[in-house]
Amino acid sequence: MPGIDKAKTAPILRAMGLSRSFGGLHALQDVSLDVPRGCIKGVIGPNGAGKTTLFNLISGSLKPDSGTVCFEERPIQGMKPSRIAAQGISRTFQNIKLFHGMTALENVLVGRHRLGRAGFFGGMLNLPAAGRDERMLLDRAREAIAFIGIEDVAQREVSGLSFGHQRAVELARAIASDPVLLLLDEPAAGLNMKETSDMGALVRKIRDRGVTVLMVEHDMSLVMGICDDITVLNQGRKIFEGAPDAVQRSAEVIRVYLGEVNAEDSQP
Amino acid sequence: MSAFKRIMPVLGLALILGLAPAMASLAGARYLLTQMTMSIYYALATVGLCLLMGYAGQISMGHAGFMAIGGYTSSVLTTCNLIGHAQMPAFSLLERSGVLFRTVSADGVSPAVCVAPWAAFLAAIILTIAIALLIGMPVLRLKGHYLAMATMGFGIIVHRMVIGFRALGEADGISGVPAFPVLPGAAISGVISDRLSNYLLAAAALVAGVWLLQNLVHSRAGRALRAIRGSEEAAEASGVDTDRYKLMTFVLSAVFAAAAGSFLAHYNGGIGPSEAGVMKSVRAVALVALGGMANLWGTLFSSLILNFLSLRGVFQSYDDAVFGAILIAAMVFAPHGRIPFFTANAAARAWRRLTGRRGRGGDARD
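What you see is a predicted model; the values in this text were computed from it and never measured.

For the rest of this paragraph, the subject is the nonpolar core. Formed by 106 residues in total, the largest nonpolar core has its most connected members in Leu 17, Leu 206 and Leu 300 of chain B. With residues up to four places along the chain from it excluded, the contact list for Leu 300 of chain B reads Leu 13, Ala 43, Val 47, Leu 206 and Val 210 of chain B. In this structure, Ile 96, Leu 98, Leu 137 and Val 153 of chain A belong to the second largest nonpolar core, which totals 45 residues.

The following block contains the structure:
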């Protein structure tokens, strides 16, 4: 990251010493992580490494046993998810969580909820201010839908959409709130190769709009292709952090992913 | 949705409700107006539950409890005799401001002072809001069956209290509830000669209530409620304060029930403990389920029609069984509320299926 200004170089998100256990299982132990502004940061690791737990701790769905999470240098750990979202952190879910019974456009409108102002009574009485608010929300939701490129399904009810479309609607919902930081939980899960590379291009496009991205992903081609920086977790601990090529060269990471390399296997 | 498209169904409802008494008169059955009026008040309570249960996805098995709180508060305050407290300093002030009014007690001779119906109504609404907040805050953390059981517990407590307290008339309930003048020249009362004006007042209240809810459902807040029903976790992650929205909806639905309960008590001239019974709550839940859950209009019409039939005694002694059966059927055949019966969408789909069957069949053979 170029630039000498401290405010610009300070990480947008800084997690320090995060730990969380479920019963006797230490899902995450003393994990620290910086997300520099304007980058795409990847979190990888085998199943059960604690990636999703890390995400849930950052987004507020879970509370950490210990440790802090600072967003824009303000602590956010322990806040309700809606308050964290209100500060400009939005997320997607590993197993897509859409609002069924609503159209794609309505889903995206909910994504923009935090930037609307009309309340219960304004809505009930259909006050002019609520109408203006609604038109503003609608314009920006349509923009998000156009940005993701799903105009053709905007009016369709989401449970009838294909898996790829559902994922795209979720992404549109997440960016509709003009987030500062976007958390993507396995955005390529269940997508084929073509869709995965489209998703990679989309995530880049989102980053180029000035959104910082933190992404958990299994698909190595996607992670290595678009991430500026990668954190590797294994069994709840951070084992490596660095640029994609450094991760690929790391003996520790290779050991975790492929198992011990013994003499016979290494023969050509 | 445009303002025009949104107001049309409300106007349609006003038209239907407005024409109904004329049709009853033409058929020489003006006596039906009484049950029509009562079923309108029940429908007003049911559409409030529809918002909570259908749109926000939070079940309440204690809705009749709130209706009873509204009805009993109005009944108690407008019938209790406060003349013994006439020496209190605030008394004359309250009397001059119209909160209290002089009347005669049930024996027809001795003077009495009671709370005016409008003040009693206000008190009923405020009390309902307070109780709904108090109950809602802990209870709405629960989900599904647990929420159903907790709210049912609340309903049972209210029922037991109205039976148990002497001040609430025990098993006899409260009678002698006076007329409630809501507009100049129009009062909610059971006077036979005012039957038509009473019906129209009830209809106006229902149209107003449905208009408010219809607006809400199509607003930012209403969308947030539907999102909560879709996925509470994702709604929260989208910045919807789900706790607050659920609580607001719980309170609002309770206020609809309490207002309906209060009006109904003035209309009937009294209230009894059966209004607070658990079966009344089950009935409301069954009507929302039959109406198609997140379907204000379906709930409205199922409530108007079935409550009317029930009040006419069509179901005889199987009354509760009929509503229980409706609930079971709705849960088995359309647990998510897709009852293709009342909804305009379903009608359109059915029409397309009827008219487009040949074309589609052709596609299938290709």
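Attention shifts here to the confidence of the model for chain B. Residues and elements named next belong to chain B. For chain B, per-residue confidence averages 86 on the pLDDT scale, and 90% of positions sit at 70 or higher. Of the regions scoring below 50 in pLDDT, residues 358-366 engages in one contact with residues more than four places distant in sequence or in other chains. At the level of chain-chain contacts, confidence expressed as ipTM amounts to 0.88, with global pTM at 0.88.

Quick look at the pairing of strand S10 (residues 237-242) of chain A now. Residues and elements named next belong to chain A. Note that strand S9 (residues 229-234) and S10 share five bridges and pair antiparallel. Bridging from a neighbouring strand, Thr 231 pairs with Glu 241 of S10. Where S9 folds back on S10, the antiparallel hairpin that results is connected by two residues, among which Gln 235 adopts a positive phi of roughly 45°.

Below, the discussion takes up the interface of chain A and chain B. Interfaces are frequently sized by the accessible area removed from exposure as the parts join. With 33 residues of chain A at the contact, the number on the chain B side is 31 residues. At the boundary of chain A with chain B, total buried surface from both sides reaches about 2,800 Å², with 60% on carbon and sulfur atoms. By the criterion of area lost to chain B, the three top residues of chain A are His 113, Phe 120 and Met 124 of chain A, representing 28% of everything that side buries. With a closest N to O distance of 3.7 Å, Lys 80 of chain A and Asp 243 of chain B form a salt bridge. Our count for the chain A to chain B interface comes out at ten residue pairs in polar contact (both at pLDDT 80 or more). For the side of chain A that touches chain B, the secondary-structure elements that each account for two or more residues are helix H3 (81-86), helix H4 (104-111), helix H5 (120-124) and helix H6 (128-148) of chain A. For the side of chain A that touches chain B, the class distribution of residues is 14 nonpolar, ten polar and nine charged.

Time to look at the pattern of salt bridges. For side chains of opposite charge, pairing can occur when their charged atoms come near one another. Applying the stated criterion across every chain, the model contains 26 salt bridges over all chains. Arg 112 of chain A serves as the salt-bridge partner of Asp 178 of chain A, at 3.3 Å between the closest nitrogen and oxygen. A residue pair is termed long-range when its members are at least 10 positions apart, and Asp 178 of chain A in the loop between helix H7 (163-175) and strand S7 (181-185) and Arg 112 of chain A in the loop between H4 and H5 qualify at 66 residues. The class for Asp 178 of chain A is partly exposed, based on a relative accessible area of 32%. The partner of Arg 166 of chain B in a salt bridge is Glu 170 of chain B, with the nearest N and O atoms 3.9 Å apart. The structure contains a network of salt bridges with shared partners spanning Lys 41, Asp 229, Lys 238 and Glu 241 of chain A.

Once that is clear, we can look at the sheet that holds S7 of chain A. Each strand in a sheet pairs with another by means of backbone hydrogen bonds, the pair being arranged parallel or else antiparallel. All names here are of chain A. The six strands lie next to each other as S6-S7-S8-S3-S9-S10, forming an open sheet whose pairing is mixed. Edge strands, defined here as strands with exactly one partner in the open sheet, are strand S6 (89-91) and S10. Mean inter-strand twist for the sheet, computed between neighbouring axes without regard to direction, equals 20°. On top of the sheet, helix H2 (residues 51-59) reaches strand S3 (40-44), S6, S7, strand S8 (212-216) and S9; it is set at about 150° to S7, its chief contact. Packing of helix H11 (residues 251-258) onto the sheet brings it into contact with S3, S9 and S10, and relative to S10 it is tilted by some 130°.

Rules of the game
- Residues numbered from 1 in each chain as written.
- Chains lettered and ligands numbered in written order.
- Predicted model: local features only at pLDDT ≥ 70, side-chain atom pairs only at ≥ 80, totals over all residues.
- Heavy atoms only, no water.
- Core = buried A, V, L, I, M, F, W, Y, C linked by side-chain atoms within 4.5 Å.
- Buried < 20%, exposed > 50% of the residue type's maximum accessible area, 1.4 Å probe, protein only.
- Contact = heavy atoms within 4.5 Å.
- pLDDT = per-residue confidence, 0-100.
- Pairing = 2+ DSSP bridges.
- Helix = DSSP H or I, 4+ residues; strand = E, 2+ residues; numbered from the N terminus.
- Buried area = accessible area lost by both parts, 1.4 Å probe.
- Salt bridge = Lys/Arg side-chain N within 4 Å of Asp/Glu carboxyl O.
- Polar contact = N/O pair within 3.5 Å; in protein donor to acceptor, adjacent residues only side chain to side chain.
- Nonpolar A, V, L, I, M, F, W, Y, C, P; charged D, E, K, R; others polar.
- Axes fitted to C-alpha atoms, helices over the stretch in contact; angles between N-to-C directions.

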